[in-house]
Amino acid sequence: MHDLTFYIHYIIHEMWKRRWAMLAIAYLIALGGIALVMSLPDTYTARSVIVVDTQSLLTRVLNQRARLLDPTTQVEQVRRLMYTDTNMRDLIRRSDLDLTVKNEADLERLVENLKTDVRLQPDNENTYSVSYTHTDPEIARQVVSNLVDLFRERNFERVSEGSEESIEFLQRTLSKVETRLASVEQELADFQRETGGDFSPLTILSTRREAATSELRQLEIEARSLRTRLDSTRAQLSGTPEQIATGYIPGVAGTRGGGQLAALRRERAQLLTRVTEAHPDVRAIDAQIEALRNSGGGRAGGTAGTPGQRLYSPNPLFTQLKAQVEQLTIDIEINKARQDQLRTRLDALDERFSRQPEILQRFNTLTAERKRLVNEADELRSDIERADLTTRVSRETAQELEVVEVATAPRLPSGPPRGLLLFMTAVLAAGAAAAISFLRIQMSDNMPTLLHLRSAFDLPILGSISQIHPAGHRRSQAIDFISFAAATGLLLAIIFLSYYLLSHIGWRPDLSALKS
């Protein structure tokens with residue numbers, strides 16, 4: 001610890017011995033730094049403030065229906081895209097900065113400088129500040145104003161282009177869906193035509209088949225009964241005479257025949273009260289009446305044949321049995337035709353029953369596909385309508401970037417920070433002087449103290465000879481100290497005076513001659 005303290009005292013002592021060299025170095029660096037700070041041109045910062053209206057009445061009313069993008073998010077996306085080379089070049093052309101560009105390399109450097117110097121930053125949730133610093137206040141104002149205009153235009157273009165692309169994509173998709181829907185509907189119509197349009201489940205087909213089978217059995221039983229009755233009626237018909245004797249021809253015609261005709265007419269009238277004229281009994285009576293008329297029994301005073309000759313007329317029973325045979329034959333034919341229809345229907349039902357699972361699967365597939373396409377088409381139409389509404393609303397809200405602080409040409413410079421630069425110049429001058437002096441001390445090749453001698457040779461030291469100062473040494477030291485303090489004070493005064501002139505009075509020396 002003692003050695004360290006001694007070493008520190010040694011360093012301070014050696015630096016003090018080199019104080020004038022240190023002060024000269026400090027003067028050179030400080031005066032050079034002051035000249036450099038004075039040569040820096042004044043810079044001016046133009047600023048503008050943009051407010052994004054996120055709570056407009058139109059946005060709040062239509063937000064759910066139109067599914068609007070958050071205006072702040074939308075503006076933030078556009079802000080990030082503003083630093084592209086295309087936008088920076090557009091900004092350079094609008095601000096006439098390209099007039100100072102000589103070649104493409106200069107233009108590229110200017111683009112990169114603008115990316116660094118232009119500030120388009122969010123201040124809070126819905127406020128953005130635009131700023132730019134330049135040595136010419138009018139150019140700074142133009143750049144900020146043009147950047148605000150470009151920012152609003154890009155925001156509007158992004159909303160419009162994005163919405164139009166979305167609508168075009170939705171319309172193309174809808175066209176494809178409608179084409180597919182028309183194809184499915186046509187396929188479904190053709191399938192219904194091919195299958196008869198019957199898409200009943202298997203349980204209903206089974207019920208229909210059982211009902212048809214039961215009906216066929218009933219018809220078969222009825223057919224057997226009809227054939228039995230037909231055979232019995234034919235047997236009875238074969239043993240029944242076609243005509244029966246009704247009397248003799250009288251000497252005076254018109255008595256017996258007329259009474260028989262009247263009786264037949266009365267019987268016919270009684271039958272008509274119960275049955276229709278198509279009934280076999282009625283037709284049999286009609287046949288007997290016609291036979292009596294033909295034989296003359298119905299004509300008054302008329303005679304036919306020889307008196308005493310036997311009269312014959314159609315047998316009503318034969319006529320009735322014959323009519324029954326005809327009716328039974330017709331009923332059997334009808335029954336057979338009905339059975340044939342039922343058998344054909346059963347064959348069709350059996351075939352349909354075996355194919356119905358495949359038919360139902362195909363029908364359900366087509367139906368489900370049509371339903372899906374219809375829903376998809378409806379959703380796409382709804383999306384197109386919503387996207388169109390979103391486009392119109394977004395275009396309105398895109399214009400709601402309100403400029404609350406318009407950029408103006410600044411009258412007072414915003415930089416450079418001359419006070420800080422002068423302070424850094426003073427610190428740099430002092431630090432450089434101390435560092436150079438310390439290096440000189442370290443590079444010294446003599447043995448300034450006993451500590452250095454002992455460390456170098458590792459030998460015992462018996463003693464040392466003290467330095468003897470001449471007369472007037474203290475006076476010369478005092479004068480030297482006062483001179484050094486005055487020179488140091490002068491340097492600090494120069495630094496403070498420079499700060500005062502540059503920062504408070506605004507005075508700057510004319511260095512144009514040196515530059516030329």
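What you are looking at is a predicted structure, and each value in this text was computed from that prediction instead of being measured. (Residues numbered from 1 in each chain as written. Predicted model: local features only at pLDDT ≥ 70, side-chain atom pairs only at ≥ 80, totals over all residues. Heavy atoms only, no water.)

Draft legend 1. Structural view of helix H5 (residues 85-94). Residues of H5 that are buried include every one of Asn87, Met88, Asp90, Leu91 and Ile92, and no others. Immediately beyond the C-terminal end of H5, within one or two residues, lies Asp96, with a positive phi of roughly 60 degrees. (Buried < 20%, exposed > 50% of the residue type's maximum accessible area, 1.4 Å probe, protein only. Helix = DSSP H or I, 4+ residues; strand = E, 2+ residues; numbered from the N terminus.)

Draft legend 2. Quick peek at the pairing of strand E3 (residues 127-134). Counting buried positions over the eight residues of E3 gives six, a clear majority of the element. Relative to E3, strand E1 (residues 44-52) runs antiparallel, the two sharing eight bridges. Looking across to E3, one finds that Ser48 is bridged to Val130. Of the strand pairs in this sheet, strand E2 (residues 119-122) and E3 are connected by four bridges, and their pairing is antiparallel. Among the inter-strand pairings, Leu120 is bridged to a residue of E3, identified as Val130. (Pairing = 2+ DSSP bridges.)

Draft legend 3. Broad picture of the environment of Leu230. Topologically, Leu230 is positioned in helix H8 (residues 202-238). Distance from Leu230 to Leu321, taken between C-alpha atoms, is 10.0 Å for residues 91 residues apart in sequence. Not counting residues up to four positions away in its chain, the partners in contact with Leu230 are Val325, Leu328, Thr329 and Ile332. (Contact = heavy atoms within 4.5 Å.)

Draft legend 4. Structural context of the confidence of the model for the chain. Overall, the prediction assigns the chain a mean pLDDT of 76, with 72% of residues at 70 or greater. Here residues 298-304 is modelled with pLDDT under 50, and outside its nearest four sequence neighbours on either side it reaches 13 contacts, counting other chains as well. (pLDDT = per-residue confidence, 0-100.)

Draft legend 5. Seen up close, the environment of Arg418. As for its position among the elements, Arg418 is in helix H12 (residues 418-442). Note: C-alpha distance between Arg418 and Ser498 (80 residues apart in sequence) is 9.2 Å.

Draft legend 6. Structural view of the packing of helix H2 (residues 19-39) against H12. Relative to each other, H2 and H12 sit at 155 degrees, their axes nearing to 8 Å. With respect to their mutual orientation, H2 and H12 come out roughly antiparallel. Where H2 crosses over H12, the two elements pack in a sense that is right-handed. For the pair H2 and H12, contact is made by Ala21, Met22, Ile25, Ala26, Ile29, Ala30, Gly33, Ile34, Val37 and Met38 and by Arg418, Leu421, Leu422, Thr425, Leu428, Ala429, Ala432, Ala433, Ala434, Ile436, Ser437 and Arg440, respectively. Among the residues making up the contact of H2 with H12, the classes are represented as 17 nonpolar, three polar and two charged. (Axes fitted to C-alpha atoms, helices over the stretch in contact; angles between N-to-C directions. Parallel < 35°, antiparallel > 145°, perpendicular 65-115°, else oblique. Left-handed = near helix turned anticlockwise from the far one by under 90°. Nonpolar A, V, L, I, M, F, W, Y, C, P; charged D, E, K, R; others polar.)

Draft legend 7. View of the side chain of Thr425. Looking at where Thr425 falls in the secondary structure, it is placed in helix H12. At 2.8 Å, the side chain of Thr425 forms a polar contact with the backbone oxygen of Leu421. Beyond its immediate chain neighbours, meaning those up to four positions away, Thr425 contacts Ile29, Ala30, Gly33, Ile34 and Val37. (Polar contact = N/O pair within 3.5 Å; in protein donor to acceptor, adjacent residues only side chain to side chain.)

Draft legend 8. Focus on unusual backbone geometry. Unusually for a residue other than glycine, Asp96 sits at a positive phi of about 60 degrees. Position of Asp96 relative to the elements: it lies in the loop between H5 and helix H6 (104-117). Take Asp96: its relative accessible area is 43%, and that puts it in the partly exposed class.

Draft legend 9. Spotlight on a nonpolar patch on the surface. Together, Leu4, Tyr7, Ile8, Ile12, Phe438, Leu439 and Met443 line one region of the surface with nonpolar side chains, adding up to about 700 Å² of accessible area. Mapped onto the nonpolar patch, the elements with two or more residues apiece are helix H1 (2-17) and H12. Among the elements that make up the nonpolar patch, the one with the highest residue count is H1 (four residues). Position of Tyr7 among the secondary structure elements: in helix H1. (Patch = residues over 30% accessible without salt bridge, like charges linked within 9 Å, V, L, I, M, F, W, Y side chains within 5 Å. Areas by Shrake-Rupley, 256 points an atom, 1.4 Å probe, with all protein chains shown as cover. Salt bridge = Lys/Arg side-chain N within 4 Å of Asp/Glu carboxyl O.)

Draft legend 10. Fine view of the packing of aromatic side chains. Across all of its chains, the model carries four aromatic pairs by this definition. Both rings, one in Trp20 and one in Phe484, keep their centres 5.6 Å apart while their planes meet at 85 degrees; by these two values the pair is edge-to-face. Here Trp20 is found in helix H2, whereas its partner Phe484 is found in helix H14 (residues 473-505), with 464 residues between them in sequence. For Trp20, a relative accessible area of 36% translates into the label partly exposed. Ring pairing ties together the aromatic residues Trp16, Trp20, Phe481 and Phe484, which thus form one cluster. (Phe/Tyr/Trp six-rings, centres within 6.5 Å; stacked < 30°, edge-to-face > 60°.)

Draft legend 11. Spotlight on H6. In this model H6 runs 20 Å from its N-terminal to its C-terminal C-alpha over 14 residues, within 8% of the 20 Å that 1.5 Å per residue would give. Next to the buried residues of H6 lie H5 and E3. Between the side-chain oxygen at the start of H6 and the backbone nitrogen of Ala105 there is a gap of 3.2 Å, and the oxygen is on Asn103. (Expected span 1.5 Å × (residues − 1).)

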